[in-house]
Amino acid sequence: MADDCIFCKIIRKEVPSQPIYEDHDLVAFPDIHPAAPVHVLIVPKEHMLNLNDVGKNDVALLGKMLRLSARIANEKGVAESGYRIVINNGNDGGQLVPHLHLHLIGGKPLGHKLG
Ligand code: 5GP
Ligand code: ZN
C-alpha cells in the first residue's frame, strides 16, 4: 500500500469507485475518463509500480488479471465484438497512475493504431 496512490486509496475505499469485481487479490472498476463505451481498470490490490515491479511470485496474479479481463469483457457484452487490453508502463508508455493496472477497452472499433 502506498499512502498517496489514488488506486491504493480506491482499494482502501477512501476514494469512491463503482467496483465491478473484488476479491483477495484484485479489484476492477470503471475508468473515470472512459475512452470507449466499455473501459474498465483491473488492478492488483498489492501496490506495484508497473510491469518492471512484477516478480516471479506475481506470474499467477498477472494470469488472473487477464482471465478476469476476459470474464468482464463477456459480462459487458464485448467478448465477441472484441476488445483491447492495455498496460501502460512508465513515462513513454503513457502511464499516469503509478500502480500497475490493466485497461479493458471495448464497445467500439479501435482500429490498428498503437499510439
Ligand atoms: P494510465 O495512463 O496510468 O495507464 O491510466 C490511468 C487511468 O486511470 C486513466 O485512464 C484515468 O482516467 C484513470 N483514473 C485516474 N484517476 C482515477 C480515479 O480516481 N478513478 C477512476 N475510476 N479512474 C481513474
Ligand atoms: Zn497503489
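Okay, so let's go over this structure.

## Section: a nonpolar patch on the surface
Where nonpolar side chains cluster on the molecular surface, the patch consists of Leu 66, Tyr 83 and Ile 85 and spans about 250 Å² of accessible area. Structurally, Tyr 83 can be placed in strand β4 (residues 83-86).

## Some points on the nonpolar core
In this structure, Ala 28, Val 40, Ile 42, Met 65, Leu 68, Ile 72 and Leu 104 are the most contacted members of the largest nonpolar core, which totals 16 residues. Secondary structure elements with two or more residues in this core: β2 (26-30), β3 (38-44), α2 (59-75) and β5 (102-106). The element best represented in this core is α2, accounting for 5 residues. In this structure Ile 42 touches Val 27, Ala 28, Met 65, Leu 68, Ser 69, Ile 72, His 101, Leu 102 and Leu 104, once residues within four positions along its chain are discounted. Formed by 10 residues, the second largest nonpolar core is a distinct cluster that contains Phe 7, Cys 8, Ile 11 and Val 97.

## Topic: the site of ligand 1
In the neighbourhood of ligand 1, 16 residues make up the surrounding shell, with Asp 31, Leu 96, Val 97, His 101 and His 103 lying closest. Ile 32 is positioned with one of its backbone polar atoms (N or O) 3.2 Å from a nitrogen atom of ligand 1. A distance of 2.7 Å separates an oxygen atom of ligand 1 from a polar atom in the backbone of Leu 96. For ligand 1, the protein covers 84% of the area, taking 520 Å² as the surface of the free molecule. Elements that contribute at least two residues to the shell around ligand 1 include exactly α1 (6-11) and β2.

About the criteria used
Residues numbered from 1 in each chain as written. Chains lettered and ligands numbered in written order. Predicted model: local features only at pLDDT ≥ 70, side-chain atom pairs only at ≥ 80, totals over all residues. Heavy atoms only, no water. Patch = residues over 30% accessible without salt bridge, like charges linked within 9 Å, V, L, I, M, F, W, Y side chains within 5 Å. Areas by Shrake-Rupley, 256 points an atom, 1.4 Å probe, with all protein chains shown as cover. Salt bridge = Lys/Arg side-chain N within 4 Å of Asp/Glu carboxyl O. Helix = DSSP H or I, 4+ residues; strand = E, 2+ residues; numbered from the N terminus. Core = buried A, V, L, I, M, F, W, Y, C linked by side-chain atoms within 4.5 Å. Buried < 20%, exposed > 50% of the residue type's maximum accessible area, 1.4 Å probe, protein only. Contact = heavy atoms within 4.5 Å. Near = heavy atom within 4 Å. Polar contact = N/O pair within 3.5 Å; in protein donor to acceptor, adjacent residues only side chain to side chain.

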